[in-house]
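An overview of the molecular structure
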Amino acid sequence: MCNKLPSFLVTLTCLLVLPACVNLKPVPSQTKCYTLGPVEAQVPDAAIAQKAPIYVVCPQLPTYLDSAWLTYLSADGELNKLADARWAEPLAEGIARAVSLYLSRAGVGSIEGYYPWPNAASKSTRLSLNFERIGALESGAVQVVVRWTLKQSDGTSKGGRYNSDNLHWEVGQPETLVAALNSALRELADEIGAGNTAP
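Here is a short report on the structure shown in this document. (Residues numbered from 1 in each chain as written. Predicted model: local features only at pLDDT ≥ 70, side-chain atom pairs only at ≥ 80, totals over all residues. Heavy atoms only, no water.)

1. Here we look at the nonpolar core
- Within the largest apolar cluster, 41 residues are counted, with the highest numbers of intra-cluster contacts made by L36, L127, L129, V142, L185 and L188.
- Contributing elements (two or more residues each) for this core: β2 (54-56), β3 (69-73), β4 (79-87), α3 (91-106), β6 (125-137), β7 (142-151) and α4 (174-197).
- Looking at which element gives the most residues to this core, the answer is α4, with nine residues. (Core = buried A, V, L, I, M, F, W, Y, C linked by side-chain atoms within 4.5 Å. Buried < 20%, exposed > 50% of the residue type's maximum accessible area, 1.4 Å probe, protein only. Helix = DSSP H or I, 4+ residues; strand = E, 2+ residues; numbered from the N terminus.)

2. Notes on the side chain of S164
- Within the secondary structure layout, S164 lies in the loop between β8 (157-163) and α4.
- Ignoring anything within four residues of it in the chain, the contact list for S164 reads V142, Q143 and V144. (Contact = heavy atoms within 4.5 Å.)

3. Overview of the packing of aromatic side chains
- Enumeration over the complete set of coordinates arrives at two aromatic pairs.
- Measuring from centroid to centroid gives 5.5 Å for Y72 and W169, while their planes differ by 55°, and the two rings are tilted. A residue pair is termed long-range when its members are at least 10 positions apart, and Y72 in strand β3 and W169 in the loop between β8 and α4 qualify at 97 residues. Assigned by exposure class, Y72 and W169 land together as buried.
- Over the aromatic face of W69 sits the side chain of K81, whose NZ or CZ is 4.1 Å from the ring centroid.
- When the ring centre of W69 is taken as reference, the NZ or CZ atom of R86 above it lies at 4.8 Å. (Phe/Tyr/Trp six-rings, centres within 6.5 Å; stacked < 30°, edge-to-face > 60°. Lys NZ or Arg CZ within 6 Å of the ring centre and 35° of its normal.)

4. Observations concerning the pattern of salt bridges
- All told, the structure shown has three salt bridges when counted by the stated rule.
- Taking the shortest distance from any N to any O, the salt bridge between R97 and E89 comes out at 2.6 Å.
- Classification of E89 as partly exposed rests on a relative accessible area of 22%.
- Note that E132 is salt-bridged to R161, the shortest N-O span being 2.8 Å. Note that E132 is positioned in strand β6 and R161 in strand β8, a separation of 29 residues in sequence.
- Using a relative accessible area of 35% as the deciding quantity, one classes E132 as partly exposed. (Salt bridge = Lys/Arg side-chain N within 4 Å of Asp/Glu carboxyl O.)

5. What about empty space enclosed by the protein?
- Enumeration over the complete set of coordinates arrives at one cavity of 30 Å³ or more.
- Roughly 160 Å³ of volume is contained in the largest cavity.
- If you go around the largest cavity, you meet 17 residues; those closest to its centre are L65, T71, I134, G135 and A136.
- Counting residues per element, the ones that place at least two in the lining of the largest cavity are β3, β4, β6 and α4.
- The biggest single contributor to the lining of the largest cavity is β6, with five residues.
- Along the lines of polarity and charge, the residues of the lining of the largest cavity split into 13 nonpolar, three polar and one charged. (1 Å grid on protein atoms, 1.4 Å probe; cavity = no way out; pocket = protein on both sides within 12 Å on 5 of 7 lines; lining within 4 Å. Points joined across faces, edges and corners; volume = space filled by probe spheres on them. Nonpolar A, V, L, I, M, F, W, Y, C, P; charged D, E, K, R; others polar.)

In structure tokens form, the structure reads like this:
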């Protein structure tokens, strides 16, 4: 009788616990995915296709941005993630794609490709982006500071430094953060376009 009591208790416990697990109802995910760049498509102008091809190399980002989550910095430097808000693609790939689309819209040149795709044209101009700062602060400010270099196939290069002004987001609202970053990338593309046409 003593030997059968523990096995009976184990069986009884399993019979009571397992049906409770089966009756769990799945909860739909509340996570939203975001991507950078213009939403509406634009057909390239024929005049742009005549310009020198540009390839956007892998942007250099601060390592703390390797996360798939949208993040912001608190006043004491702590990195906080926005609940239920993720990037739809790695941030470096999203930035390279968005900048290439904004450059195309600005009429800078024909976009040959962008990271992570290989550079097919040996005579293309290579655009390097080195982000010193990119991100949101708990205060509501959005900071984007990037050094850019356009290296021509003949070895000559042009460069500059973009520093965002007056960009803000509503803390806790990922849509406003994405909009502010898109605004900065659009301004960066315009600055690169102006630098590319300057003598």
